Number of protein chains: 2
Amino acid sequence: MQQDSTRRSNRDRTEATRAQLIAAARKLFTEKSYAETGTPEIVTAAGVTRGALYHHFADKQTLFAAVVEREAAAVAEEIERASPPSLDARDALIAGSDAYLAAMRAPGRTRLLLLDGPAVLGRAAMDAIDNRHGSRSLREGLIAAMRSNTMTRLPAEALTALLAAAFDRAALAIEAGGSAEDYRAVLIALIDGLSPTRLQALRPARTR
Amino acid sequence: MQQDSTRRSNRDRTEATRAQLIAAARKLFTEKSYAETGTPEIVTAAGVTRGALYHHFADKQTLFAAVVEREAAAVAEEIERASPPSLDARDALIAGSDAYLAAMRAPGRTRLLLLDGPAVLGRAAMDAIDNRHGSRSLREGLIAAMRSNTMTRLPAEALTALLAAAFDRAALAIEAGGSAEDYRAVLIALIDGLSPTRLQALRPARTR
DNA sequence: CAACCAACATACAGTCTGCATGTAGATCGA
DNA sequence: TCGATCTACATGCAGACTGTATGTTGGTTG
């Protein structure tokens with residue numbers, strides 16, 4: 001029953017080691033790429049050995065998946081925190097897309113979530129991760145808009161996927177130096193284009 | 001000046017070896033992934049040695065880039081071959097997108113061009129390749145549509161990129177088992193949504 | 001025909017991944 | 001409480017891969 005500082009329960013040890021590994025891997029995977037980051041480098045940064053890594057994770061890919069999952073959750077949380085609860089469907093969508101683009105400006109996030117993630121884990125696995133976090137709210141927002149007849153009725157799954165793809169590409173393009181205003185304008189035009197009543201003609205003209 | 005079968009000019013040798021390497025690499029990169037394909041396997045399939053590979057290509061990435069470039073050109077050619085010359089802007093866009101989705105059904109093409117390509121070469125390099133081939137015609141089609149006032153005027157670069165991203169994701173989703181009709185319907189809705197006169201309301205109702 | 005150069009082939013160094021084996025500390029049953 | 005067992009690691013090893021350096025053969029050129 002000694003409560004020494006050296007005495008830790010197995011659960012605490014596991015939790016701490018896994019957290020250190022994920023944090024170190026996240027840092028390196030965002031600074032460099034998945035392929036350019038080796039497990040020796042990760043464990044050195046985490047202060048453990050490769051034995052610990054392969055005890056807690058089946059392989060390098062599984063550790064990567066844990067990092068991606070955690071990062072996708074962080075993005076979803078930033079979006080949720082930034083989106084006010086009571087807006088009409090269209091403005092909620094635009095607020096959400098702005099929050100998404102802002103969240104994706106964190107260094108290395110686009111490569112981690114939009115380039116390495118799909119390539120290493122596959123599109124299907126990335127879709128599953130996205131559905132657990134970010135795009136879930138996007139899909140629900142779109143369904144809400146269609147239910148309230150502010151949006152043309154379309155297959156929800158496909159619409160969610162294609163709009164999400166456009167958001168993703170916009171994030172990549174903006175990071176590559178593209179005009180954020182241009183991409184934002186096109187995203188809004190795509191969303192407004194789905195309105196059956198062409199609300200945009202009644203709104204004040206968009207700048208530029 | 002002997003014209004033996006064993007006697008070949010240096011230019012012929014280079015051309016043949018490079019072609020064999022690219023063909024073998026293409027086959028393996030489409031069957032498996034870039035990461036899962038090693039250079040020993042490639043050179044064995046090509047009937048040469050690794051020395052030849054590293055003589056003609058700086059590294060594995062450079063060979064991969066050559067494969068991607070060639071495959072992107074093949075996709076662009078299939079699209080151009082399938083698209084009749086005289087259609088109005090909107091129908092030309094839809095015909096082009098149908099041809100693109102059809103071309104991307106070739107086994108392994110989506111992973112090569114849409115997953116491994118961006119991850120290995122980077123989005124910027126992939127944009128450069130796309131601009132040399134496929135998306136060039138898409139951009140021109142969009143500009144033509146905007147000029148003829150059948151499409152809302154928007155920043156051409158951004159619009160091209162985001163629509164191309166939607167096409168790409170549709171190709172991935174369809175290969176993963178998604179409903180081709182659903183994704184086609186959403187793509188058309190996105191395109192028609194950009195029409196300033198809301199032509200879609202005047203057209204016969206879309207099925208489903 | 002001699003010198004040179006391009007197109008390879010071979011060998012090697014360094015690094016990485018995953019696993020197998022060994023060990024110390026934590027947990028559990030008697 | 002005390003051995004038995006299991007978890008959480010550390011260490012060492014085998015196989016594979018990438019890129020390069022060096023050697024060799026055949027083509028090219030003056």
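Predicted model, so just to flag it, every value in this text is computed and none were measured.

## Things to note about the overall build of chain A
And step 1. From N to C terminus, chain A includes 10 helices and zero strands.
And step 2. By its C-alpha atoms, chain A is 70 × 40 × 25 Å across when sized along the principal axes.
And step 3. Here chain A, with 208 residues, has 40% of them falling under the buried criterion.
And step 4. In chain A, once contacts between residues fewer than 6 apart in sequence are set aside, the share between residues at least 24 apart is 64%.

## Considerations on the protein's contact with DNA strand D
And step 1. Lining the immediate environment of DNA strand D, one finds 23 residues, of which A:Thr49, A:Gly51, A:Ala52, B:Ser9 and B:Thr39 sit closest.
And step 2. Secondary-structure elements contributing two or more residues to the surface near DNA strand D are helix H1 (10–31) and helix H3 (50–56) of chain A together with helix H2 (39–46) and helix H3 (50–56) of chain B.
And step 3. Residue composition of the surface near DNA strand D, by class: four nonpolar, 11 polar and eight charged.

## Points about the interface of chain B and chain A
Much of the literature gives interface size as the accessible area that the parts lose upon coming together.
And step 1. Taken together, the contact pairs 34 residues of chain B with 33 residues of chain A.
And step 2. For the side of chain B that touches chain A, the elements supplying multiple residues, two or more each, are helix H6 (109–121), helix H7 (123–132), helix H9 (156–175) and helix H10 (180–193) of chain B.
And step 3. The element best represented in the side of chain B that touches chain A is H9(B), accounting for 12 residues.
And step 4. Class assignment for the residues of the side of chain B that touches chain A results in 23 nonpolar, four polar and seven charged.

## Observations concerning the confidence of the model for chain A
And step 1. Mean pLDDT over chain A: 91, with 91% of residues reaching 70 or higher.
And step 2. Below pLDDT 50 for its whole length, residues 199–208 of chain A participates in three contacts with residues either more than four positions away or in separate chains.

## What to know about H1(A)
Residue and element names in this part refer to chain A.
And step 1. Under the 1.5 Å per step criterion, the end-to-end length of H1 is 32 Å for 22 residues, consistent within 8% with the ideal 32 Å.
And step 2. Inspection of H1 places Leu21, Ile22, Ala24, Ala25, Arg26, Leu28, Phe29 and Thr30 among the buried residues, and these make up the whole buried set.
And step 3. On its buried side, H1 packs onto helix H2 (39–46), H3, helix H4 (60–82) and helix H6 (109–121).

## A look at unusual backbone geometry
All names here are of chain A.
And step 1. One non-glycine residue, Asn149, adopts positive backbone phi at about 60°.
And step 2. Mapped onto the secondary structure, Asn149 falls in the loop between helix H8 (134–147) and helix H9 (156–175).
And step 3. Asn149 gets classed as exposed once you count the C-beta atoms within 10 Å, which come to 12.

## Section: the packing of helix H5 (residues 89–103) of chain A against H8(A)
All names here are of chain A.
And step 1. Their axes nearest at 9 Å, the elements H5 and H8 cross at an angle of 160°. Comparing their axes, H8 and H5 come out roughly antiparallel. For the pair H5 and H8, the sense of crossing is left-handed. For the pair H5 and H8, contact is made by Ala89, Arg90, Ala92, Leu93 and Gly96 and by Ser137, Leu138, Gly141, Ala144 and Ala145, respectively.
And step 2. Across the contact of H5 with H8, the residue classes break down as six nonpolar, three polar and one charged.

## Description of the protein's contact with DNA strand C
And step 1. As a matter of local geometry, DNA strand C sits amid 22 residues, with A:Ser9, A:Thr39, B:Thr49, B:Gly51 and B:Ala52 nearest to it.
And step 2. The residue inventory of the surface near DNA strand C, partitioned by class, reads four nonpolar, 11 polar and seven charged.

## Here's the deal with H2(B)
Residue and element names in this part refer to chain B.
And step 1. Restricting attention to buried positions, one finds in H2 the residues Ile42, Val43 and Ala46. The buried side chains of H2 occupy one side of the element, clustering within an arc of 90° when seen end-on.
And step 2. Next to the buried residues of H2 lie helix H1 (10–31) and H3.
And step 3. Gly47 sits one or two positions beyond H2 and adopts a positive phi of about 75°.

## Description of the nonpolar core
And step 1. Counting residues in hydrophobic clusters, the biggest one holds 116 residues, and the most contacted among them are A:Leu162, A:Ala166, B:Leu162 and B:Ala166.
And step 2. Once residues within four sequence positions are removed from consideration, B:Ala166 is found in contact with A:Leu162, A:Ala165, A:Ala166, B:Leu187 and B:Leu190.

## Let's talk about the packing of helix H5 (residues 89–103) of chain B against H9(B)
Residues and elements named next belong to chain B.
And step 1. Relative to each other, H5 and H9 sit at 40°, their axes nearing to 9 Å. Taken together, the axes of H5 and H9 lie oblique to each other. Regarding H5 and H9, the two cross each other, and that crossing is right-handed. Between H5 and H9, the residues in contact are Ser97, Tyr100 and Leu101 and Phe167, Ala170, Ala171 and Ile174, respectively.
And step 2. Counted by class, the contact of H5 with H9 contains six nonpolar, one polar and no charged residues.

Calculation criteria
- Residues numbered from 1 in each chain as written.
- Chains lettered and ligands numbered in written order.
- Predicted model: local features only at pLDDT ≥ 70, side-chain atom pairs only at ≥ 80, totals over all residues.
- Helix = DSSP H or I, 4+ residues; strand = E, 2+ residues; numbered from the N terminus.
- Buried ≥ 20, exposed ≤ 12 C-beta atoms within 10 Å, placed from the backbone.
- Contact = placed C-beta atoms within 7 Å.
- Near = placed C-beta within 6 Å.
- Nonpolar A, V, L, I, M, F, W, Y, C, P; charged D, E, K, R; others polar.
- pLDDT = per-residue confidence, 0-100.
- Expected span 1.5 Å × (residues − 1).
- Axes fitted to C-alpha atoms, helices over the stretch in contact; angles between N-to-C directions.
- Parallel < 35°, antiparallel > 145°, perpendicular 65-115°, else oblique.
- Left-handed = near helix turned anticlockwise from the far one by under 90°.
- Arc of directions from axis to C-beta.
- Core = buried A, V, L, I, M, F, W, Y, C linked by C-beta atoms within 7 Å.

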